[in-house]
Amino acid sequence: QPNFFDLTRHERLPLRDFIEVLCQNFCRYQRQTDDGQYQIVPTEKQKAFLARILCAEECFHFSEVGSGKTKVILPLLCQAFLSSNEAVHEQLARGGQCKHVLVVLVPEHLLHDARSQVFRYCLNLNFRDEYRVYDDIFALLHQDVQLGGQPAGSKFSLGGGGKFPRGPRMKQIFVTSFNQFKKALTNDAICAKVWPHREHILVVADEVDDFLDRDKLVFNICSNKPNAFDKSTLALYYEVSRAAYGAEAAPPRVGASPNPQYWRQLHDKLGALHAEIQDASRSINKSFGIFNETTLRHCSTNIAHDIEGYKSLIARPYESVNRAMPGSYYSDVERTIYLTYVILVEDIAKYDELFQQERKFLSFEYWSAHVSQIDYDDLVYGLDRLSEIVSKQPDAKDGLVRFLYEIILRRMEVRDRSRSVNSIDVIFNFDCIGFTGTPFIDNYPTFAYLRCQREDEIPDMIDRSFYAYSSEALGADLFEERFARFQGQNSHVLVEYVPSDFVAAADDELAVLEHIFAREERVRLQRAEQSAEAGCSNVLVDLCGIFKRSSIHDVRDLVLRQFGPDRFHYVYHIDQVDGSDRVLCVNSNSDVQFDEEFYKFLCKTYGEALRERIFFFVDNRNVIGKDVPFQLVYQRRFGQPLFMQSVVLAHDVDDFSKIWQAMGRSRTMNETRFSIYKSGVPEDAVAGEGAGVRDIKAQRFTQRLYERNCDCKMAGNLSSIYQTLVSLFNLSQGRFYFCDEIVNTFLEKMDGTIGGKLARHEEQLVQKVLGVQVPARVLAHILASKFRRSPVPAVAEEPLTPAVLEALLRHVVQQKFEQRLPSGDIFDEFLLLLSGEQRSLMEISYTKQQQKQKQKQRRTRRRRRRRRQDQKQPQ
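Numbers given to residues run from 1 along each chain, matching the order in which its sequence is written. Residue-level local features of this predicted model are given only where pLDDT is at least 70; pairs of side-chain atoms are given and counted only at 80 or more, and the full residue set underlies all totals for whole chains, interfaces and linings. Side-chain measures here rest on the full set of heavy atoms in the structure, leaving out hydrogens and waters.

So, on to the overall build of the protein chain. A count of helices and strands for the protein chain gives 36 helices and 18 strands. Throughout this description, buried means an accessible area under 20% of the type-specific maximum (1.4 Å probe, protein chains only), exposed means over 50%, and partly exposed covers the range between. The buried share among the 875 residues of the protein chain stands at 56%. Should any heavy atoms of two residues lie within 4.5 Å, those residues are considered in contact. Intrachain contacts of the protein chain at a sequence separation of at least 6 include 76% that bridge at least 24 residues. The numbering of helices and of strands both runs from the N terminus, where a helix is a DSSP run of H or I of at least 4 residues and a strand a run of E of at least 2.

Our focus in this paragraph is the nonpolar core. By nonpolar core is meant a set of buried Ala, Val, Leu, Ile, Met, Phe, Trp, Tyr and Cys residues that side-chain atoms within 4.5 Å join together. Grouped together as the largest cluster of nonpolar side chains are 160 residues, with contacts concentrated most on F60, L212, F430, W660, M663 and Y706. The element best represented in this core is helix 29 (residues 718-733), accounting for seven residues. Excluding its chain neighbours within four sequence positions, the residues that come into contact with M663 are V493, V495, V648, M669, F674, I676 and I696. Core analysis: the next-biggest nonpolar cluster, separate from the first, contains 50 residues, I343, L386, Y405 and L409 among them.

For the rest of this paragraph, the subject is the side chain of S675. Along the chain, the position of S675 falls in strand 16 (residues 673-678). Within the local environment of S675, its side chain forms a polar contact with the side chain of Q645, the two groups lying 3.0 Å apart. When sequence neighbours within four positions are dropped, the list of residues in contact with S675 reads E496, V498, R519, E520, Q645, S646, V647 and V648. Two N or O atoms count as a polar contact when they lie within 3.5 Å, although within protein this holds only if one can serve as hydrogen donor and the other as acceptor, and sequence-adjacent residues are included solely when both atoms are side-chain atoms.

Quick look at the pairing of strand 4 (residues 171-177) now. With seven of seven residues buried, strand 4 lies mostly within the body of the structure. As paired elements, strand 3 (residues 131-134) and strand 4 share four bridges and run parallel to each other. The partner of Y131 across the bridge, within strand 4, is K171. Two strands qualify as a pair provided DSSP detects at least 2 bridges between them.

Once that is clear, we can look at helix 18 (residues 397-411). Expected helix span is taken as 1.5 Å per residue step, with the number of steps being one fewer than the number of residues. Across its 15 residues, helix 18 extends 21 Å between first and last C-alpha, which sits within 8% of the 21 Å expected from 1.5 Å per residue. Here helix 18 lies mainly inside the structure; 11 of its 15 residues are buried.

Moving on to the packing of helix 25 (residues 596-606) against helix 26 (residues 627-638). Packing of helix 25 against helix 26 brings their axes to within 12 Å, and their N-to-C directions diverge by 30°. It follows that helix 25 is roughly parallel to helix 26 by the angle criterion. In the crossing of helix 25 with helix 26, the sense of the turn from one axis to the other is right-handed. The residues of helix 26 that touch helix 25, namely those facing E596, Y599 and C603, are F630, V633, Y634, R637 and F638. Helix axes are fitted only over the stretch in contact, all axes being lines through C-alpha atoms; the angle between N-to-C directions runs from 0 to 180 degrees. In what follows, roughly perpendicular refers to angles from 65 to 115 degrees, roughly parallel to angles under 35, roughly antiparallel to angles over 145, and oblique to any angle outside these ranges. The hand of a helix crossing depends on one turn: near helix anticlockwise from the far one by less than a right angle means left-handed, and clockwise means right-handed.

With antiparallel pairing, the three strands of this open sheet are ordered in space as 6-7-18. Among the strands making up the open sheet, the edge pair consists of strand 6 (218-226) and strand 18 (738-739). As paired strands, strand 6 and strand 7 (residues 413-422) are joined by nine bridges and run antiparallel to one another. For I221, the partnering residue across the bridge sits in strand 7 and is R419.

To continue, consider the packing of helix 9 (residues 231-245) against helix 13 (residues 333-346). A packed helix pair is summarised by two numbers, namely the angle formed by the two axes and the spacing between the axes. Relative orientation of the contacting elements helix 9 and helix 13 amounts to 65°, with a least axis distance of 10 Å. What the angle tells us is that helix 9 and helix 13 run roughly perpendicular. For the element pair helix 9 and helix 13, the recorded crossing hand is right-handed. Taken together, the residues of helix 13 that come into contact with helix 9 (itself represented by Y237, Y238, S241, R242, A244 and Y245) are I337, Y338, Y341, V342, V345 and E346.

The residue H651 is not glycine, and still its phi comes out positive at about 45°. In this fold, H651 is placed in strand 15 (residues 645-651). You will see that E818, though not glycine, has its phi angle at about 60°, which is positive. Here E818 shows up in the loop between helix 34 (802-816) and helix 35 (826-834).

A word on the environment of Q645. Position of Q645 among the secondary structure elements: in strand 15. Looking at Q645, the relative accessible area reads 3%, which means it is buried. Along the sequence, Q645 and F674 sit 29 residues apart, while their C-alpha atoms lie 5.6 Å from each other. Those residues in contact with Q645, other than ones at most four positions away along the chain, are E496, E520, R527, G535, C536, S537, N538, V539, T672, R673 and S675. Of the polar contacts made by the side chain of Q645, one reaches the side chain of E520; its length is 3.4 Å. Engagement of the side chain of Q645 in a polar contact is seen with the side chain of R527, the distance being 3.2 Å.

Turning our attention to the sheet that holds strand 10 (residues 537-542). Overall, mixed pairing links the nine strands, which are arranged 13-12-11-14-10-15-16-9-17 in an open sheet. Of all strands in the sheet, those with a lone pairing partner are strand 13 (591-593) and strand 17 (694-695), marking the two edges. Two strands pair when backbone bridges link them, and strand 15 and strand 16 are joined in this way by six bridges, in the parallel orientation. Across the sheet, residue S646 finds its bridge partner in strand 16, namely F674. Helix 23 (residues 509-529) contacts strand 9 (494-499), strand 10, strand 14 (614-618), strand 15 and strand 16 of the sheet and is inclined by roughly 140° relative to strand 15. Where helix 27 (residues 656-663) meets the sheet, it contacts strand 9, strand 10, strand 15 and strand 16, and its direction lies at approximately 145° from that of strand 16.

Each pair of aromatic rings is reported with the distance of its centres and the angle of its planes. By convention, a stacked pair of Phe, Tyr or Trp rings (six-membered ring in the case of Trp) has centres within 6.5 Å and planes under 30 degrees apart, an edge-to-face pair has planes over 60 apart, and any other such pair is tilted. Within this structure, the stated rule accounts for 59 aromatic pairs. Here the aromatic rings of F364 and Y376 are separated by 5.6 Å at their centres, their planes lie at 70°, and the arrangement is edge-to-face. Within this pair, whereas F364 is found in helix 15 (residues 364-370), its partner Y376 is found in helix 16 (residues 376-381), the two being separated by 12 residues in sequence. With a relative accessible area of 46%, F364 lands in the partly exposed category. When the ring of W367 is compared with that of Y376, the centres are 5.7 Å apart and the planes differ by 70°; the resulting orientation is edge-to-face. Of the two residues, W367 and Y376, both sit in the buried class. Counting every residue linked through ring pairs, the aromatic cluster contains F62, F440, F466, Y467, Y469, F479, F483, F486, F656, W660 and Y706. Look at NZ for Lys and CZ for Arg. If either is within 6 Å of the ring centre and within 35 degrees of the ring normal, a charge sits over the ring. Stacked on the ring of W195, the Lys or Arg R198 has its end atom at 3.7 Å from the ring centre.

Quick look at helix 23 now. Here helix 23 contains 21 residues, and its C-alpha end-to-end distance of 31 Å stays within 8% of the 30 Å for a straight helix at 1.5 Å per residue. Residues of helix 23 that are buried: E509, V512, L513, I516, F517, R519, E520, E521, V523, R524 and R527.

Moving on to the pattern of salt bridges. A carboxyl oxygen of Asp or Glu within 4 Å of a side-chain nitrogen of Lys or Arg is what we treat as a salt bridge. According to the stated counting rule, one finds 44 salt bridges in the structure shown. Note that D188 is salt-bridged to R419, the shortest N-O span being 3.0 Å. On the criterion of sequence distance, the pair formed by D188 in helix 7 (residues 188-194) and R419 in strand 7 is long-range, its members being 231 residues apart. You can call D188 partly exposed: its relative accessible area is 43%. Classification of R419 by relative accessible area gives partly exposed; the value is 23%. Note that K658 and D655 form a salt bridge whose closest N and O atoms lie 3.3 Å from each other. The class of K658 is partly exposed, set by a relative accessible area of 35%. Because the salt bridges share partners, they merge into one network encompassing K269, E334, K749 and E818.

With that settled, consider the environment of V628. Relative to the assigned elements, V628 resides in helix 26. Given the relative accessible area of 10%, V628 is considered buried. Taking the C-alpha atoms as reference points, V628 and T668, 40 residues apart in sequence, are found 9.7 Å from one another.

Locating I696 in the fold gives a position in the loop between strand 17 and helix 28 (700-715). The class of I696 is buried, set by a relative accessible area of 0%. Spatially, the C-alpha atoms of I696 and L494 are 5.6 Å apart, while their sequence positions differ by 202 residues. Once residues within four sequence positions are removed from consideration, I696 is found in contact with F483, Q487, V493, V495, Y497, F656, W660, M663 and T702.

Okay, here's the thing in structure tokens:
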């Protein structure tokens, strides 16, 4: 048997036959199981999916969760690219030039696995043939890495002309993450290499729904500089933040400021932000950029840098935003500033170290004005920590918070210059193919569409035949038919929806978990009495990140208290530092790697009862754990699912894609039973405790979530439509990146200079987008396809004339920079649709009535919390 698999010997083999050859060779890379079978054997369905990826007109493709996209399809695609098969390369050309560079894009958390897969299957091919596989896109900065070069010592000529020259070009594969690729395209040296060869580059995107996620489209690369806040500005930020936090009116100091209108608008915005924090989640650090060792658990790089930034400033502009973490949405510095105040007030112990460094600079004048309750020498030269001082002298807290708040704001850096690349720029400039398990994405014209200067409707990038929109008002039968096409092989998924309103009233995270455990145990006992299948819940997926502040030892201790030492012996979890799979022993502190050796030990010890002895605790990161292949092996061996019943804690997550993805953590969805804890579950969707699970597609609440998901993905949000405008502008300018003129929106608003710059920006977009035929036509098609799906007749029926299109562009830009006032006409409806489900000052203006409603809800919750505390106190 030769050590190298020669892919150059099948040049004229028909496509289907060549795929068979690839799959036969694929098996030779696999280990054999105890019964002599290969661990992974490509199925007929996977072969057909690979052929569809190569041949279909759509560039992106949907395959069910757990269908082997990363483990099977991706390496087979790379091997097909490295082959000399004419049928393959004719399809990979996507109607353009022959491709000799392949860029594999994956989310950050899948990068290590993707590199391993490509190296494993692509480094022993084509003996005597020269090709390159790079694990870093920034290898392009090296002078020896050139695109489209001839292999060293090649005997063949590059002549021949036409789209497919006779001589070979050296094939190159780059494996990188979404954001690293965008970052590379902001580099002028790399752009100079890539731009002339765009037609010869093919981009393969895994998890393409994540790549085109409307909240992760843009990557900013910034240079920063110190801010120039004077003392009065720092005082205004503090007093406005304090007033918003306490639901009070704007402070009197605002009226005497140089720009009272800005500070009043900021006060309204911060009040809305505070209401948003209260409603969005029990854990403020879930969505709002609170960076420390605990809250950065989902981030695999630059943790040390962010922690250092955290110690001096809660959200350091703009490292977190650059990585598309959910810190400050759209680089919103005002949000960052306010959340810094919130954490100072609610968790002041986080600033013990900063206070220890700065206390010696506390002046006698400041002490006299704000913290004279404490002895000056004890405060400046003492050893008590900040949290201890506040505990002893609560009335000094306000003065100490002000002291630290001003220090933090002085240290805050602001942008100097900025470049940005977004995912739409990639779609516009490269031929792309890809796949996903959650096929809900916005629609854009492809590079092939733009290259051919087509004028017809933009074709779907992905099959949308199973989408269901609320405007269609589908009946139950038609909805179930479409949903079944979406399900694919996961055709019999049984779920129950459980109201999660108790989450908002819980005092702490572990109280939520204890409530879930108690409820699931009651249901199990009821089913046992009814002689029904009484398997216990052995999986919890924390989709909304409620337990981010709790360690795995906290969870283990609660499992032990709730179920005793004999129910579960181990708790599976994902290590928060390196992302590895771990198993923590319930009855000791032993924490070991969950690998094949330990899995075999568990099977030998427990046999088929293994699933009753291990509790799987999965956090909200989309990580493919080592348990996934073991699930399949366990099912084949014992004929039952490893995941018996899975609890998905969705609560405030309305995105059905994410809920389905969390359910897909079980690779045996047809056999696993699901309890989905969700807020806002209508009474008719609650079957009653112990009533059992039902088919997911037959439940009306599923249809409501699914249709809402399709509506939102179709509409995008204000940020995504603005980034579309930016990408069309870049297209008209012949470049990948955009240079922002308005780099510090909040400073421009404060200084009153934003109006002039925004007017220039509007004119720039009008001239270069609407004034150029191709971008103007593309924008009209994109907006028309969105508006046609609107449930509002006025929006669906409004003709997009050139005048309407220009006016709408201006409204979008003004709204993006928070300078638009409601117009009271059709453009309000347009903006409402384009804002998706976002309903905040960052996306669409709050009304006073909405703010009052939010504040009323917050006051009600506070009264309830005080009553519970009073009841707990001894009489």
